[in-house]
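Each chain, written out:
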Amino acid sequence: RIRNILEVSLLQDQLRRHNETLDEQVRQSTQQLKESQVEVVTRLMSAAEHRDDVTGGHISRMSLIAKALAPHCGLNADETDLLYHAATMHDVGKIGIPDGVLNKPGSLDNDEWLVMRQHPEIGAAILSNGLSPLLKMAERVALYHHEKWDGSGYPKGLSGDDIPLEARVCAVADVLDALVSRRPYKEPWTLNEALAELRDKAGSHFDPGVVSKLDAI
């Protein structure tokens, strides 16, 4: 009996060490996969920024604002990390917009605006059918970041909580950075002016709950 007990104990110890080794291998493989996905997303972001001479740097700044807002809007640490990387893909669809429209120095006419409004669906198509949580979130952000709280946005005309939370956060971050940045057709707004505009549009353009968290960052 003692010999049997010792043999069972030895087998259990070997099994425990084997499981620990497997767990570590799975952890390393998962981390490598995550790093590979982030690398792909980063390269796509770089391609999008190089296409857009007008808004260079906007993607990086906007994603940092979204990352700062996310925890105050109910996203946990893992979701916030995903959003930080997914937000960099919000305008990836602009890769498919002609240069004459994308980099036009003045206001777009009606036909040009219709072309520009295609970029959310182009971006979602680029990111579609991804299996990882990162690519799935990036697809939602790309598709829905121009939806408005009152349903007047595009491309789907979603309203309120039907718009994914990560897209509502990115909508606020996107416009905040756009307002305070210099563009060929406008001077940068002050931060106070931009915040006042966002608060004024809370409940129509923006989720009022997300706008209310701007004071926390």
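Residues numbered from 1 in each chain as written. Predicted model: local features only at pLDDT ≥ 70, side-chain atom pairs only at ≥ 80, totals over all residues. Heavy atoms only, no water.

Asker: Can you help me understand the side chain of Ser63 in this one?
Answerer: Mapped onto the secondary structure, Ser63 falls in helix α2 (residues 58-69). Classification of Ser63 as buried rests on a relative accessible area of 2%. Contact partners of Ser63, with chain neighbours within four places excluded, come to Tyr84, Ala87 and Thr88. (Helix = DSSP H or I, 4+ residues; strand = E, 2+ residues; numbered from the N terminus. Buried < 20%, exposed > 50% of the residue type's maximum accessible area, 1.4 Å probe, protein only. Contact = heavy atoms within 4.5 Å.)

Asker: Whenever I open this one, the environment of Asp177 confuses me. Can you help?
Answerer: Structurally, Asp177 is set in helix α8 (residues 165-180). By relative accessible area, which is 3% here, Asp177 ends up buried. Distance from Asp177 to Leu191, taken between C-alpha atoms, is 9.3 Å for residues 14 residues apart in sequence. Ignoring sequence-local partners within four residues, the contact set of Asp177 consists of His58, Arg61 and Ile65. Polar contacts involving the side chain of Asp177 include one to the side chain of His58, which spans 2.6 Å. (Polar contact = N/O pair within 3.5 Å; in protein donor to acceptor, adjacent residues only side chain to side chain.)

Asker: Mind showing me how you'd approach the pattern of salt bridges here?
Answerer: When their charged atoms lie close together, side chains carrying opposite charge are able to pair. Under the criterion given, the structure shown has 13 salt bridges. A salt bridge links Asp207 to Arg168; the shortest N-O distance between them is 2.7 Å. Highlighted residues: Asp207 in the loop between α9 (191-201) and α10 (208-211) and Arg168 in helix α8, separated in sequence by 39 residues. Both residues of the pair, Asp207 and Arg168, count as buried. Lys201 is the salt-bridge partner of Glu197, the closest N and O atoms lying 2.8 Å from each other. Of the two residues, Glu197 and Lys201 are both situated in helix α9; the distance of four residues between them amounts to about one turn of the helix. Residue classification places Glu197 among the partly exposed residues on the basis of a relative accessible area of 25%. Connected via shared salt-bridge partners are Asp13, Arg16 and Arg17. (Salt bridge = Lys/Arg side-chain N within 4 Å of Asp/Glu carboxyl O.)

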